[in-house]
Amino acid sequence: MFRGILSPIITVLDEQGRLDFKGNEFHINRLIDNGINGILFLGSIGEFFALSMEEKKAFITFAIKTVNKRVPVLIGTGGTVQEEVIELTRFAEQAGADAAVVISPYYFKLGPETIYRYYANLARSTSLPIMLYNFPDRTASDLTPELVLRLVKEFDNIVGIKDTVDNISHTRKVIQLVKAQRPDFSVLSGFDEYLIPNLMAGGDGVLCGLTNIVPQLFAGLMNAYAAKDLDKVAAAQAKISLLMNLYDVSQPFIAGIKGAVAAMGVPIVPAVKEPATELTTTQLQTIQDLLKKAAVIRS
């Protein structure tokens, strides 16, 4: 089971937009050293949609070697071309990944039967554990609790879900419906501020972007919840609530998150893949102000 604080890691690039392996290695080690329980490479925040198949395979090989079994490695393999999804998932399996995280097809709004076939075809093509990725704000289609249950009952290698829905009731329904049949099924929230509601509803944790910036804050929150230290829980939750505003600094939000990681003193440049744009001076100042307000950097 995947449980606790998992990070959908940013993909560190150099100023020319190429993979920065040294910067990525530093950041991977930083996350692990600060208590992260697993890392997702090539998720939404990892810019999977802007990387070539060649870049993805090179990064997967590098990532698995660098993590070196210190924490579980999950690889984002979803896309709009079924054959490419299967190819990349099989590559991740052969490279030694612990699971694939697979978003449903996007662009067209698809019906439940089409989405079912997409995941069923993938599950039949690999023995690698598969985590469903529900992000209806990006795909225009929801993985309903009923659809998730159908997939989980039919395929043993579908082992979890990242539920990126800004509605904890949706996640709660998945927890209640699916875990009754498969108690070991992992239900992770994709929204950072839903860690505690997720755990209280019987879920397993979060897979969220702010962990790139303050991994120790999330690890501490998880420990405080386990220890029933409500004062520490409240203090950490208040900081996370402030930091959620970082998602509004840029569109897409990836540049803002990378800028915040750099502002924390991590030696990277906040470069993003085209056609996304670099941060402006005003945006960089906004990031600094938010980090200071949340008291995660010095004033």
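Look a little higher up for the structure.
Residues numbered from 1 in each chain as written. Predicted model: local features only at pLDDT ≥ 70, side-chain atom pairs only at ≥ 80, totals over all residues. Heavy atoms only, no water.

J.: Can you lay out the packing of aromatic side chains for me, pointing to particular residues and giving the numbers?
T.: Per the counting criterion, the structure on display carries 10 aromatic pairs. Measuring from ring centre to ring centre gives 5.8 Å for Phe-41 and Phe-59, while their planes differ by 80°; the resulting arrangement is edge-to-face. With Phe-41 in strand S2 (residues 38–41) and Phe-59 in helix H2 (residues 53–67), the pair connects residues that are 18 residues apart, well separated along the chain. Here the two residues Phe-41 and Phe-59 agree in accessibility, since each one is buried. (Phe/Tyr/Trp six-rings, centres within 6.5 Å; stacked < 30°, edge-to-face > 60°. Helix = DSSP H or I, 4+ residues; strand = E, 2+ residues; numbered from the N terminus. Buried < 20%, exposed > 50% of the residue type's maximum accessible area, 1.4 Å probe, protein only.)

J.: Account for the sheet that holds strand S4 (residues 99–103), naming residues and giving values.
T.: The eight strands lie next to each other as S1-S2-S3-S4-S5-S6-S7-S8, forming a closed barrel whose pairing is parallel. Along the sheet, successive strands turn relative to each other by an average axial angle of 25°, direction set aside. Where strand S1 (residues 4–8) meets strand S8 (residues 205–207), three bridges bridge the pair, whose relative direction is parallel. Paired with Leu-6 across the strands is Leu-207, a residue of S8. (Pairing = 2+ DSSP bridges. Axes fitted to C-alpha atoms, helices over the stretch in contact; angles between N-to-C directions.)

J.: So what's going on with the pairing of strand S3 (residues 73–76)? Which residues, and what values?
T.: Of the two faces of S3, the one holding Val-73 and Ile-75 and the one holding Leu-74 and Gly-76 are both buried throughout. Crossover S2 to S3 through H2 is right-handed. Two elements, S3 and S4, share three bridges in a ladder whose sense is parallel. Note that in S4 the partner of Leu-74 across the bridge is Ala-99. Crossover handedness for the path S3 to helix H3 (residues 82–95) to S4: right-handed. (Right-handed = clockwise from strand over helix to strand, strands pointing away.)

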